[in-house]
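Geometric and topological summary
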Amino acid sequence: MGYVDEVYQMVVEKNPSQPEFHQAVKEVLDSLRPVIDANEEKYRKEALLERLVIPDRQFQFRVPWVDDKGQVQVNTGYRVQFNNSIGPYKGGIRLHPSVNIGIIKFLGFEQIFKNSLTGLPIGGGKGGSDFDPKGKSDREVMAFCQSFMTELCKYIGADTDVPAGDIGTGAREIGYMFGQYKKIKGVYEGVLTGKGLSYGGSLARTEATGYGLLYLTEEMLKCNGKDIKGKTVVVSGAGNVAIYAIQKAQQLGAKPVTCSDSTGWIYDPEGIDVALLKEVKEVKRARLTEYAAQRPSAQYHEGKGVWTVKCDIALPCATQNELSLEDAKTLVANGCFAVAEGANMPTTLDATQYLQENGVLFCPGKASNAGGVATSALEMSQNSERLSWTFEEVDSKLQKIMVDIFHNLDDAAKRYGHEGNYVMGANIAGFEKVADAMLAQGVC
Ligand code: NDP
Ligand code: 2IT
């Protein structure tokens with residue numbers, strides 16, 4: 001058996017019941033075959049792949065908090081510090097009832113390559129909890145965040161591990177966590193990113209993932225002789241990534257016509273009204289039925305369905321495995337020619353393969369959603385120099401980073417004879433820098 005297959009089998013055997021982690025590892029290792037084959041003897045001797053797929057360390061802890069009725073609730077908290085060979089661990093905190101160690105490990109593993117692709121000095125990590133912020137009062141969310149940070153603060157720091165937002169963790173949660181870190185440690189430092197602007201946050205971080213997704217998509221289209229202007233875009237999700245993807249798509253002259261949340265989806269043939277979507281989701285924290293109630297052109301449907309809408313470009317921006325083989329077939333049949341992932345691993349492996357085989361331009365999340373973490377790294381830079389840059393400064397750096405990421409993965413795919421396979425290009429380009437740093441730093 002080849003080295004790649006041996007390591008993948010070891011991952012499956014040693015990490016039972018973690019299908020998302022297996023999937024993320026499979027995608028990366030399969031892409032790396034040409035690189036590994038060319039260096040097999042050296043990498044085997046160094047156990048490079050074993051060291052890559054086993055996290056440096058992982059923490060799991062109890063998070064007790066008191067709800068508004070005086071009842072004690074208990075959640076489980078996680079932080080996986082995966083790889084710090086090119087910089088401090090960096091990655092978000094996911095708060096969602098579906099969170100378990102396998103989900104956090106898949107996200108942490110992806111983060112290693114994503115962070116490498118940004119070109120900035122950040123390693124890979126991820127954290128989270130099975131806590132559900134939905135329907136909780138602000139006081140309950142604060143109680144949870146404080147308890148979560150009471151434990152997490154032992155393992156993180158501005159030069160060690162710098163968490164940020166992800167599903168269910170936005171500015172409110174980051175604020176409560178930052179306050180608790182400061183109170184316990186007595187240190188005012190950039191230990192979290194995605195902070196509020198009054199206490200060290202960066203302008204454009206809120207917009208960064210969605211904007212970055214569109215900057216990369218625009219470049220990918222341009223390099224393939226296409227223009228984003230006038231194109232119909234289908235977006236899933238209605239959270240941080242989806243909202244700013246929709247906004248930037250409109251600014252670039254495209255027409256996003258859908259969004260979705262965990263209960264239903266909107267088809268708005270006149271184009272999504274971003275101001276209304278923000279009001280419903282960011283201010284009222286309400287369901288999408290509220291959007292439909294205030295927008296005569298919008299149709300609301302229960303359940304899943306955005307991929308059935310005819311489009312040119314699809315941007316999955318909600319969660320993992322939300323775009324199946326069936327969905328991919330529908331997209332292709334409807335003439336969709338580009339898919340760029342805003343979420344982490346939203347497309348199943350068979351769907352990805354189907355899209356690629358049918359000539360759809362496909363950019364994996366670790367490249368196309370890297371604008372969020374890249375801007376987090378810019379926030380870290382601003383915190384270190386105790387300065388704040390203007391929106392335009394951050395936004396123009398973000399644009400350059402996304403364009404550079406696309407060209408890096410495009411070049412890597414070409415170098416290995418797989419032109420146009422951006423999954424391979426992203427994994428190879430992300431891996432090369434990390435592998436080089438790991439080998440240079442010896443056995444550790
Ligand atoms: P938010 O919590 O702001 O929004 C998530 C959206 O996706 C909501 O509309 C939510 O609906 C929907 N959603 C979440 N889970 C599910 C589910 N299991 N089934 C159906 N719908 C679901 O998160 P973000 O926008 O920040 O994150 C979205 C994706 O982007 C995630 O994969 C995340 O890892 C990734 N990402 C985020 C970055 C960031 O900077 N925030 C950076 C890079 C990637 P509902 O509210 O009803 O649950
Ligand atoms: O998946 C991701 O890249 C994020 N949730 C953002 C991480 C970060 O540190 O900004």
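This one's a predicted model, so the numbers in the text were calculated from it and none came from an experiment. Every chain begins its residue count from 1, and numbering advances along the sequence as written. For this description, chains carry letters from A and ligands carry numbers from 1, given in the order in which they are written. The predicted nature of this model means local features are confined to residues of pLDDT at least 70 and side-chain atom pairs, given and counted, to a pLDDT of 80 or more, with totals for whole chains, interfaces and linings taken over all residues. Hydrogens and water molecules were not included; the side-chain quantities draw on all heavy atoms of the structure.

**What about the nonpolar core?**
Leu 49, Phe 109, Leu 277, Tyr 291, Leu 315, Ile 405 and Phe 431 are the most contacted members of the largest nonpolar core, which has 103 residues in total. Labels follow the DSSP assignment, with helices taken as runs of H or I lasting at least four residues and strands as runs of E lasting at least two, numbered in each case from the N terminus. Of the residues forming this core, the biggest block, 10 residues, is contributed by helix H17 (residues 422-440). What Leu 315 contacts, discounting residues up to four positions off in sequence, is Leu 213, Leu 214, Thr 217, Val 233, Val 234, Val 235, Ser 236, Trp 307 and Ala 340. Counting 23 residues, the second largest nonpolar core, distinct from the first, contains Trp 65, Met 149, Leu 152 and Leu 192. What we call a nonpolar core is a set of buried Ala, Val, Leu, Ile, Met, Phe, Trp, Tyr and Cys residues that are connected through their side-chain atoms within 4.5 Å. Here's how the labels work: a residue is buried when its accessible area is under 20% of the maximum for its type, exposed when over 50%, partly exposed in between, all with a 1.4 Å probe on protein chains only. Note on contacts: a residue pair is in contact if any heavy atoms of the two residues lie within 4.5 Å.

**Re the site of ligand 1**
We call a residue near a molecule or strand when any one of its heavy atoms sits within 4 Å of it. Contacts to ligand 1 come from 25 residues, most closely from Lys 134, Asp 166, Ser 262, Arg 287 and Asn 344. What qualifies as a polar contact is a pair of N or O atoms within 3.5 Å, subject to a donor-acceptor requirement within protein and to the restriction that residues adjacent in sequence count only when both atoms come from side chains. Within the backbone of Ala 238, one N or O atom sits 2.9 Å away from an oxygen atom of ligand 1. Between ligand 1 and Ser 262, the relevant distance is 2.5 Å, taken from an oxygen atom to a side-chain nitrogen or oxygen of the residue. Exposure was quantified through the Shrake-Rupley algorithm and a 1.4 Å probe, taking into account, for residues, occlusion by the shown protein chains and nothing else. In the complex, 83% of the free accessible area of ligand 1, which totals 880 Å², lies under the protein chains. Elements with a minimum of two residues in the shell around ligand 1: helix H8 (205-223) and helix H9 (240-251). Just so you know the grouping, Ala, Val, Leu, Ile, Met, Phe, Trp, Tyr, Cys and Pro go in nonpolar, Asp, Glu, Lys and Arg go in charged, and all remaining residues, Gly too, go in polar. Of the residues that constitute the shell around ligand 1, the class distribution is 6 nonpolar, 12 polar and 7 charged.

**Focus: H9**
Take the residue count of a helix, subtract one, and multiply by 1.5 Å to get its expected span. Helix length check: H9, at 12 residues, gives a terminal C-alpha distance of 17 Å against a target of 16 Å (1.5 Å per residue), a fit within 8%. Most of H9 is tucked away: 9 of the 12 residues are buried. Residues of H9 that are buried include every one of Val 241, Ala 242, Ile 243, Tyr 244, Ala 245, Ile 246, Gln 247, Lys 248 and Ala 249, and no others. Structurally, H9 contributes buried residues whose contacts are with H8, strand E6 (232-235), strand E7 (255-256), strand E8 (258-260) and helix H10 (274-283). Gly 253 sits one or two positions beyond H9 and adopts a positive phi of about 90°.

**Describing the sheet that holds strand E9 (residues 264-267)**
Any two strands between which DSSP finds at least two bridges are classified as paired. Strands sit in the order E8-E9-E10 across an open sheet of 3 strands; the sheet is antiparallel. Looking along the sheet, the strands with just one partner apiece sit at the ends: E8 and strand E10 (299-302). Shown here is a sheet whose adjacent strand axes are inclined to one another by a mean of 20°, direction ignored. Pairing of E9 with E10 involves 4 bridges; the strand directions are antiparallel. Counterpart to Trp 265 in the pairing with E10 is His 301. Interaxial angles span 0 to 180 degrees and are taken between N-to-C directions of axes, which are lines fitted to C-alpha atoms, for helices over the stretch in contact.

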